[in-house]
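Observations on the model geometry
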2 protein chains.
Amino acid sequence: MRRLDSRSADFQSQLAALLAFETSQDPDVDARVAAILDDVKARGDTAVVEYTQRFDGVAAQTMAGLELTQAELKAAFERLPDVQRDALVAAAERVRKYHEHQKMASWQYTDEDGTVLGQQVTALDRVGIYVPGGKASYPSSVLMNAIPAHVAGVAEIIMVVPTPRGERNDLVLAAAFVAGVSRAFCIGGAQAVGALAFGTQTVPAVDKITGPGNAYVAAAKRRVFGIVGIDMVAGPSEILVICDGTTDPDWIAMDLFSQAEHDEIAQAILLCPDENFIGQVAASIEKLLPSMPRQEIIRASLTDRGALITVKDLHEACKIANYIAPEHLELSIATPEVYLPELHHAGAIFIGKFTSESLGDYCAGPNHVLPTARTARFASPLGVYDFQKRTSIIQVSEAGSQKLGRIASTLAHGEGLTAHARSAEYRLKD
Amino acid sequence: MRRLDSRSADFQSQLAALLAFETSQDPDVDARVAAILDDVKARGDTAVVEYTQRFDGVAAQTMAGLELTQAELKAAFERLPDVQRDALVAAAERVRKYHEHQKMASWQYTDEDGTVLGQQVTALDRVGIYVPGGKASYPSSVLMNAIPAHVAGVAEIIMVVPTPRGERNDLVLAAAFVAGVSRAFCIGGAQAVGALAFGTQTVPAVDKITGPGNAYVAAAKRRVFGIVGIDMVAGPSEILVICDGTTDPDWIAMDLFSQAEHDEIAQAILLCPDENFIGQVAASIEKLLPSMPRQEIIRASLTDRGALITVKDLHEACKIANYIAPEHLELSIATPEVYLPELHHAGAIFIGKFTSESLGDYCAGPNHVLPTARTARFASPLGVYDFQKRTSIIQVSEAGSQKLGRIASTLAHGEGLTAHARSAEYRLKD
């Protein structure tokens, strides 16, 4: 695993090279996605079924054959072993409780002229949530996408999840049942994004599509952005651990593994001022790696994109963390309260040695759909606010229109927009 | 101007045809934009200066020659006629006051196990605001983009504004001074978007780019989305007026003009249950049009994309309005309180006959950068919240890690993610 030192003369360029990653703008992928989207728009169900047969190897001949009924979702939930069912319900409950705090409310105020100004908050009518299948199936993604929409008051939640070779995952179906999904289709890829964006004979057109997917899904979301809303273009998962050297090195190694096991291109980085501890973590990595079922993925990820970085002190670690703006940031130190105020850019911060990132992935409460690839500089975790929107409310009183009309008229004439000016002037009494 | 009637058998398809508008995905525009962005990324200042010379016809030889100093902004403000300066300051003050209501605050709570969960809100570090020049220069856009960023606490606000043939607009420069812009460059188009997204030797890279522009700007914003944040891909401006027939028809005609004068492809639509009143508005349009300086633009817009629509009643008008999800919605009726609750999708609602849309454009307080092309189904006006972002905070107590660790372990094993499970299990005591 790569070892870097912040005191190297070329550290900044090494770091930039480590982080460099172009998301989903491969021209080949983009061209194939564009063709699929056009086809889905033109041929609807027929096109989606054909692509699903071809890419996912499913036998269904119609879209109806790819829809999951509420009874099927419920049956999957009831079929689960008790321990899984209880875990799912407990996780859903905590996620729901946290997200209730995110609900936005409408507000308004009246100014001195009796003019009312405000903001009306409403839920989206219908949303689509994309749940990855393929390499790994993620019931937790169902909870993390559907529950915020449900809390926001979205009337219809349409789930899509690819089922390669027709294999349906009971935990995914059960999660859809627990989270309040309205309809679910066993489709994925660009064809599923197209079906949700344009609508087909069977799949209703939605107002927004959320949830992570592979490069095809990301490219398709980018293309339909504007026709529908999207949450973000997700890149590979990342974890940045800041450790003071007081946490068990095995714990830190496993925390790094927990992102690396997602994908060969996932990124796991450790920042630590203690060179000796970094050596211990490196030893733990070698010791523990052979015991991991996904050791090949983990090794590829750590070798190609991982790094153990020696820093001057924890303040410098915070500065580097702000530059990296990681999806997941573990602050595995004894005095987090000293350093937390220095951290500005991260999707989620996991504080203290008992907060492994994986607790947040499943059940702590906050969302696990988080901004990747340095986008935490400007983006936020998926939340209830992604399923609500605001409308400005302006009710100008007759008195207010006299004062505002003069200001608007002056500025409109200054912009050469006579109709704007005159429509304000019409409301003036003299 | 087109006359439609909601009772026609094919009304829904007529309406869909009227609204159909593909935003900024012209493949030619997109290819040219891609080439410009690549060039700006590779050659920085040199490329931006060359494109600016070529497209804007400016003489500057260096990027420094295209930067506006704070002294120049201040001088422009001081040069303004008193009435314009006062109007600008009054508008800025009202916009600032309204936007103060939008500031998000951090929050957290502690659960029964002592686990702390919350959301930390921080401002973006540096943003770019795009201010259109060209056909019309918009000082109000400077206020509407820069003030929310300033209220959010963004440390650096970088403005770009094209100055065709080197013509600088004092009102635009003065607005930048009033709104708290940090640096300003006389550049526009895709090259300006590229400079802000990638940074050049002179223009610092920003974290997000906001503000409307033409098709090239829109295509460039779509392409850099992910490297930086963007607000939205703006389409042509729109107004939908719902009138009960009690407002002066001249006022309604002028309100329709006030969007139509922006652009030949702007859209102005009236919904009214009173056929006779619609005839009066049509007469007002013909009477007033010859007196408008921008009558050719207005006529093209009204003819090609406008419509006067007879509806069954005002309840039906609200339903149609929700389908259209207009950027600007005027509710020019005597009893707006009855119908407001029925309206769910609009960028801004202008209530009562004294609230001309133009008052909102300049000085009522709310933002005039609004979702267009039916995106109000899922998008919101530009606001302070666009310049803040959230980070999830998770600090699991030792007691909490015992409970959460078991749930996470169960679900992680269910997803086949052993490292996730084991990193939670390491924190368990037994």
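Residues numbered from 1 in each chain as written. Chains lettered and ligands numbered in written order. Predicted model: local features only at pLDDT ≥ 70, side-chain atom pairs only at ≥ 80, totals over all residues. Heavy atoms only, no water.

- As annotated in an unreviewed UniProt entry, chain A carries the name Histidinol dehydrogenase and is attributed to Iodobacter ciconiae.
- Entered under Function (unreviewed entry) in the UniProt record, the comment concerning chain A runs "Catalyzes the sequential NAD-dependent oxidations of L-histidinol to L-histidinaldehyde and then to L-histidine."
- Per its UniProt entry, chain A bears the Catalytic activity (unreviewed entry) comment "L-histidinol + 2 NAD(+) + H2O = L-histidine + 2 NADH + 3 H(+)". (UniProt positions renumbered as here; feature names shortened; annotations may be inferred.)

Re helix α13 (residues 314-324) of chain A
Residues and elements named next belong to chain A.
- Of the positions making up α13, those classed as buried are Leu314, Ala317, Cys318, Ile320, Ala321, Asn322 and Ile324.
- In this structure, the buried residues of α13 make contact with α1 (11-19), β10 (238-243), β11 (267-272), β13 (328-332) and α14 (336-339).
- Measuring from the side-chain oxygen of the N-cap residue of α13 to the backbone nitrogen of His315 gives 3.1 Å; that N-cap residue is Asp313.
- Just downstream of α13 lies Ala325, where phi reads positive at about 50 degrees. (Buried < 20%, exposed > 50% of the residue type's maximum accessible area, 1.4 Å probe, protein only. Helix = DSSP H or I, 4+ residues; strand = E, 2+ residues; numbered from the N terminus. Contact = heavy atoms within 4.5 Å. Polar contact = N/O pair within 3.5 Å; in protein donor to acceptor, adjacent residues only side chain to side chain.)

What about the pattern of salt bridges?
- The tally for this structure, following the rule as stated, stands at 44 salt bridges over all chains.
- Close ionic contact of B:Arg165 with B:Glu167 constitutes a salt bridge, the shortest N to O distance being 3.6 Å.
- Classification of B:Glu167 as exposed rests on a relative accessible area of 52%.
- Taken together, the shared-partner salt bridges connect A:Asp5, A:Arg7 and A:Glu275 into one network. (Salt bridge = Lys/Arg side-chain N within 4 Å of Asp/Glu carboxyl O.)

Digging into the environment of A:Ala260
Residues and elements named next belong to chain A.
- Here Ala260 lies in helix α10 (residues 249-260).
- Among the residues examined, Ala260 registers a relative accessible area of 0% and is labelled buried.
- It is 4.8 Å that separates the C-alpha atoms of Ala260 and Ile298, two residues lying 38 residues apart in sequence.

Re the relation of the copies chain A and chain B
- Note on the identical chains: chain A maps onto chain B by a rotation of 180 degrees and an axial translation of 0.0 Å, with an RMSD of 0.0 Å. On the angle and the small slide along the axis, the relation comes out as a two-fold axis. Identified as the residue of chain A closest to the rotation axis by C-alpha distance is A:Arg222, at 4.0 Å.
- Interface residue correspondence from chain A to chain B reaches 99%, placing this contact among same-surface, isologous pairings. (Least-squares fit on C-alpha atoms with pLDDT ≥ 70 in both.)

With respect to the interface of chain A and chain B
- Counting from both sides, the interface comprises 124 residues of chain A and, opposite them, 123 residues of chain B.
- Taking both sides of the interface into account, the surface hidden between chain A and chain B amounts to around 10600 Å²; carbon and sulfur atoms contribute 58%.
- Viewed at the interface, chain B and chain A are joined by six salt bridges.
- B:Arg377 serves as the salt-bridge partner of A:Asp207, at 2.7 Å between the closest nitrogen and oxygen.
- Where chain A meets chain B, there are 65 residue pairs in polar contact (both at pLDDT 80 or more).
- With eleven residues, helix α16 (residues 398-414) of chain A is the single largest residue contributor to the side of chain A that touches chain B.
- Within the side of chain A that touches chain B, the residues separate by chemical class into 59 nonpolar, 38 polar and 27 charged.
- Direction of pairing for strand β14 (residues 348-351) of chain A relative to strand β15 (residues 388-395) of chain B: parallel, over a ladder of three bridges. Bridge pairing links A:Phe350 to B:Ile394 in β15(B). (Buried area = accessible area lost by both parts, 1.4 Å probe. Nonpolar A, V, L, I, M, F, W, Y, C, P; charged D, E, K, R; others polar. Pairing = 2+ DSSP bridges.)

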